[in-house]
Amino acid sequence: MISLKFNSTKNFMKHLLLSDTFNHFQFVEGEIVTFNTFSIDGYIQKAFFDSEENIPEYASWEQLRDFCYSVIKGRRTPLSFKFIFRLSPGNTKKLLLQQNLDFQPEDVQGLYLNIRFDSAGLQCTTGTSLKSFSMDKSLEKTWDSMVQKFFDQKNIEYMLL
């Protein structure tokens, strides 16, 4: 687990709300505090859909980004927000294979980005969750490294805390 503080809130928010930078992440949950508190559960209600098509467990950020933007935009800065993103199962599987890690995709509960904005600024904390206990920290270290590479590639400047 690592914690990052972003150097430019404006640049990060542009990537978060106005571009496709985070679109392929799954949205687990979020909370936006403006004049009210808006809580969003990213869990997809499969009963809403007509067929038994391949429906993921969580919505993508792409599906919820415009809604979140509509709550955040305005003359006043939100008091706070927090979003929990998860790497999709397909991308988790790719990561395990590409990095030759000794984990099975079904053993990984999730690889997470916890993004938080408040009066202290804008921060991101990584998280790794396995379905069973393991002393092997190679996945956690790989995920932490990949997150930093992701931000570097997107020109999102940060400071490691």
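Above this note sits the structure.
As a convention, each chain's residues are numbered from 1 in the sequence order in which they are written. The predicted origin of the model limits local features to residues at a pLDDT of at least 70 and limits the giving and counting of side-chain atom pairs to 80 or more, whereas totals for whole chains, interfaces and linings rest on all residues. To obtain the side-chain values, all non-hydrogen atoms of the structure were included, while hydrogens and water were left out.

A. Molecular detail of the overall build of the protein chain. Labels follow the DSSP assignment, with helices taken as runs of H or I lasting at least four residues and strands as runs of E lasting at least two, numbered in each case from the N terminus. Helix and strand content of the protein chain: 4 helices and 8 strands. From first element to last, N terminus to C terminus, the protein chain shows the α and β order β-α-β-β-β-α-β-α-β-β-α-β. We compute the radius of gyration over the C-alpha atoms and compare it with the globule rule, which gives 2.2 Å times the number of residues raised to the power 0.38. Relative to its length of 161 residues, the protein chain is compact, with a C-alpha radius of gyration of 16 Å against a globular reference of 15 Å. By principal-axis analysis of the C-alpha atoms, the protein chain measures approximately 50 × 45 × 25 Å. Burial classes follow relative accessibility: with a 1.4 Å probe on protein chains only, a residue under 20% of its type's maximum area counts as buried, one over 50% as exposed, and anything between as partly exposed. Across the 161 residues in the protein chain, those meeting the buried criterion constitute 41%. Contacts are residue-level and defined by heavy atoms, with any inter-residue pair within 4.5 Å sufficient. For the protein chain, the proportion of contacts with a sequence separation of at least 24, taken over those separated by at least 6, is 68%. Residue burial considers only the protein chains on display, and all accessible areas are found by Shrake-Rupley using a 1.4 Å probe. Carbon and sulfur atoms form 49% of the exposed surface of the protein chain, whose accessible area is close to 10,000 Å². By the counting scheme adopted, Arg and Lys are positive, Glu and Asp are negative, and His together with the chain ends is not counted. Charged side chains are reduced to one point each, which is NZ for Lys, CZ for Arg, CG for Asp and CD for Glu. For the protein chain, the distance from the average site of its 18 positive side-chain charges to the average site of its 19 negative ones is 8 Å.

B. Representation of helix 2 (residues 61–72) in the model. Among the residues of helix 2, Trp61, Leu64, Arg65, Cys68, Val71 and Ile72 are the ones counted as buried. The buried residues of helix 2 occupy an angular sector of 130° when projected down its axis, which confines them to one face. Within helix 2, the exposed residues directed more than 90 degrees away from the buried face are Gln63 and Asp66. Its buried side turned inward, helix 2 meets helix 1 (9–18), strand 2 (26–33), strand 3 (37–41), strand 4 (59–60) and strand 5 (80–86). After helix 2 finishes, the residue Gly74 shows a positive phi value of roughly 145°. This arc is taken over the directions from the axis of the helix to the C-beta atoms.

C. Structural view of the packing of helix 1 against helix 2. In this description, a line fitted to the C-alpha atoms serves as the axis of each element, helices being fitted only across the stretch in contact, and the angle between N-to-C directions of two axes falls anywhere from 0 to 180 degrees. Between helix 1 and helix 2, whose axes approach to 8 Å, the crossing angle comes to 125°. Between helix 1 and helix 2, the angle falls in the class oblique. Contacts from Met13, Leu16, Leu17 and Leu18 in helix 1 reach Trp61, Arg65, Tyr69 and Ile72 in helix 2. Each residue gets one label: Ala, Val, Leu, Ile, Met, Phe, Trp, Tyr, Cys and Pro are nonpolar, Asp, Glu, Lys and Arg are charged, and the others, such as Gly, are polar. Classifying every residue of the contact of helix 1 with helix 2 gives 7 nonpolar, no polar and 1 charged. Working rule for angles: under 35 degrees goes down as roughly parallel, over 145 as roughly antiparallel, 65 to 115 as roughly perpendicular, anything else as oblique.

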